[in-house]
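# Fold and geometry: a report
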Amino acid sequence: MTIKKDKSENFYDRMNALAKKHKFPGRVIFELTYKCNFQCVHCYIAADKRKKELTTGQVFLILDQLKMAGSFHIWFTGGELLLRKDIFGIFDYAKKCGFRISILTNGSLINKDTAKRIASLGTSLNRVDISVLGTTKKTFEKITGKTGSFERVMKAIKSLKEEGVNVQIKANLLSLNKDEFLGIKKLAERQKCFFGYDTSLIRRTDGSNAPLRYQVELKEAYRIKRLIDSNGGTINEKLFLKLKPNDMGRKKLFHCGVGESEVAINPYGEMNFCLEIHYPEYNILETSFNDCWKRLKKLLGKIEIPEEYQCNVCILVSSCPWCPAKAWLLKRNFFTCEEQSKKIALAEAGFASSKLLI
Ligand SMILES: C[S@@+](CC[C@H](N)C(=O)[O-])C[C@H]1O[C@@H](n2cnc3c(N)ncnc32)[C@H](O)[C@@H]1O
Ligand code: SF4
Ligand code: SF4
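All values derive from a computational prediction rather than experimental measurement.

Glancing now at the nonpolar core. In a soluble, globular protein the nonpolar side chains are often hidden away together inside. Core analysis: the biggest nonpolar cluster contains 80 residues, and Phe76, Ile130, Leu160, Val167, Ile169 and Ala171 have the highest contact counts within it. In terms of residue count, helix α6 (residues 149-162) provides more of this core than any other element does, five residues in total. Two domains each donate at least three residues to this core, and these are domain 1 (7-237) and domain 2 (305-358). Here phenylalanine 76 is in contact with Phe30, Leu32, Leu81, Ile101, Ser102, Ile103 and Leu104, once residues within four sequence places are set aside.

As structure tokens, then:
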């Protein structure tokens, strides 16, 4: 099934292009809390317990400033954002500000009433993304560490669909759910949801390798990826970005819009390059969003690519899923080649061995 873009998609595509051209923060990822009622084995989040999370008033203040800065699409995420008692006040305020709203949640706190409240966001709501990490209670609970999580999430999806909300089921491939992965896609189809998946895991934001213990071996991940992609049905939204095949070497570091049209804000009110790069942690409340955005763009402009930057001359660039966040999580710099990305690049390029590398 090919999903045609509707008029509003084309409008937002044009808005994104404008934001990139004029370097304003069109799209913002806003993490509202790092608290969570699940304890997923693979979770990349590492909260800083010494810091205080934003109050309602502070969230509103930041939303006001985002509006002034020209932002038009806010991706609210966490942690589990529905744990916030003020969450519907925040959604309603974001709607009043005129933002397009996307919600990323584990779904467990959505019941018939909350589904109605989410649906009442109307055309301001882009969609709700819900992570589904298995098709059986046993696997689901093993991953989330929460008894009853499977039933609750299944009910949440049903309630949202009954209210006519666009839902995307998101799945991360883990060693624990690899035998159920195709089933998750089929579940998405049955529930008339979009389906997005990712076969690779990232490190935790404090640099810990813990999530990678659940990484499925590359060959097996490819087998599953082929199975998913050849199975027709709903769209698979590409979760990582690729360069054009005729590119040799990377001409610039970030290709995702960081510092051009996209930015991330964490629950402490700090501005970061993205969800994975917890840097530079500019505190918006100490100055203003605009001041931090200006400083962030300046900082990005000052990052000098060192001569030994391997991607500059690498022939694998067009098939490599690497991005500066991978280097950052590994070595706290933006340049290091990362083994897992290299392996994927080699496999994508059809090379049998890494001897062909520079
Ligand atoms: C951090 S969660 C926040 C939103 C919500 N709590 C949820 O689980 O959907 C956002 C997404 O990141 C995924 N995720 C968590 N840890 C990950 C990791 N180490 N690598 C890749 N994706 C990860 C989750 O499965 C989820 O789909
Ligand atoms: S539900 Fe989301 S935030 Fe919570 S532990 Fe799982 S992946 Fe992390
Ligand atoms: S394989 Fe390594 S050097 Fe080559 S493009 Fe990927 S990250 Fe860069």
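From this point, things continue past the structure.
Right, let's get into the packing of helix α2 (residues 56-69) against helix α3 (residues 87-96). The interhelical angle for the contact between α2 and α3, taken along N-to-C directions, is 20°, at an axis separation of 10 Å. Taken together, the axes of α2 and α3 are roughly parallel relative to one another. For the pair α2 and α3, the crossing hand works out as right-handed. Here α2 contributes Thr56, Val59, Phe60 and Leu63 to the contact with α3, which in turn contributes Gly89, Ile90, Tyr93 and Ala94. Its residues placed into classes, the contact of α2 with α3 shows six nonpolar, two polar and no charged.

The predicted model of the protein chain averages 89 in pLDDT, with 90% of residues at 70 or higher. Per-residue pLDDT stays below 50 along residues 233-245; that stretch engages in 29 contacts with residues further than four places along the chain or on separate chains. Note that residues 352-358 has pLDDT below 50 and, in this model, seven contacts with residues that lie over four places away or in other chains.

In this fold, serine 124 is placed in the loop between α4 (112-119) and β4 (125-131). Taking the number of C-beta atoms within 10 Å as the measure of exposure, serine 124 has 17 and is therefore partly exposed. Residues serine 124 and lysine 95, 29 residues apart in the sequence, show an inter-C-alpha distance of 6.0 Å. Among all residues touching serine 124, those that are not within four sequence positions of it are Lys95, Phe99, Arg100 and Ile101.

In this section: the pairing of strand β6 (residues 194-198). In β6, alternate side chains face the same way, and those of Phe195 and Tyr197 are buried while those of Phe194, Gly196 and Asp198 on the opposite face are not. Inspection of the sheet shows strand β5 (residues 167-172) paired to β6 by five bridges, in the parallel sense. Paired with isoleucine 169 across the two strands is phenylalanine 195, which belongs to β6. Handedness of the β-α-β unit built from β5, helix α7 (residues 181-190) and β6 comes out right-handed.

As a structural note, the neighbourhood of ligand 1 is formed by 18 residues, with Tyr44, Ser131, Leu201, Ile202 and Pro211 the closest of them. Elements with a minimum of two residues in the shell around ligand 1: β3 (100-105) and β5. In terms of residue class, the shell around ligand 1 is made up of eight nonpolar, seven polar and three charged.

What follows deals with helix α5 (residues 137-144). Regarding α5, the residues found buried are Phe140, Ile143 and Thr144. End-on view of α5: buried residues confined to an arc of 90°, all on one side of the axis. Buried-residue contacts for α5 involve α6. Downstream of α5 by a residue or two, glycine 145 has a phi angle that is positive, lying close to 70°.

What counts and what doesn't
Within any chain, residue numbers begin from 1 and follow the written order of that chain's sequence. Working convention: letters from A go to chains and numbers from 1 go to ligands, in the order in which they are written. Local features are withheld for residues below a pLDDT of 70 in this predicted model, meaning they are given only at 70 or higher, and side-chain atom pairs are given and counted only at 80 or more; totals for whole chains, interfaces and linings count all residues. Under the definition applied here, buried Ala, Val, Leu, Ile, Met, Phe, Trp, Tyr and Cys residues are grouped into a nonpolar core through C-beta atoms within 7 Å. Whether a residue is buried, exposed or partly exposed is read from the other C-beta atoms within 10 Å of its own C-beta, which are placed from the backbone; 20 or more gives buried, 12 or fewer gives exposed, and intermediate counts give partly exposed. Under the scheme used here, helices are H or I runs from DSSP no shorter than 4 residues and strands are E runs no shorter than 2 residues, and both carry numbers assigned from the N terminus. Per the annotation, domain bounds derive from an automatic or database assignment of domains. By definition, residue pairs are in contact when their C-beta atoms, positioned from the backbone, come within 7 Å. Note on geometry: axes are C-alpha line fits, over the in-contact stretch for helices, and angles between N-to-C directions span 0 to 180 degrees. For classification, angles of less than 35 degrees are called roughly parallel, those exceeding 145 degrees roughly antiparallel, those between 65 and 115 degrees roughly perpendicular, and all remaining angles oblique. Two helices cross in a left-handed way if the nearer one is turned anticlockwise from the farther one by less than a right angle. They cross in a right-handed way if the turn is clockwise. Only Asp, Glu, Lys and Arg are considered charged, only Ala, Val, Leu, Ile, Met, Phe, Trp, Tyr, Cys and Pro nonpolar, and every remaining residue, Gly among them, polar. Per-residue confidence from the prediction method is given by pLDDT, with values spanning 0 to 100. A pair of strands is labelled paired if DSSP reports no fewer than 2 bridges between them. The handedness of a crossover follows from its direction of travel: if, with the strands pointing away from the viewer, the path from the first strand over the helix to the second runs clockwise, the crossover is right-handed. Here, nearness is defined through the C-beta atom: a residue counts as near a molecule or strand if that backbone-placed atom lies within 6 Å of it. The arc in question is the one traced by the directions running from the helix axis out to the C-beta atoms.

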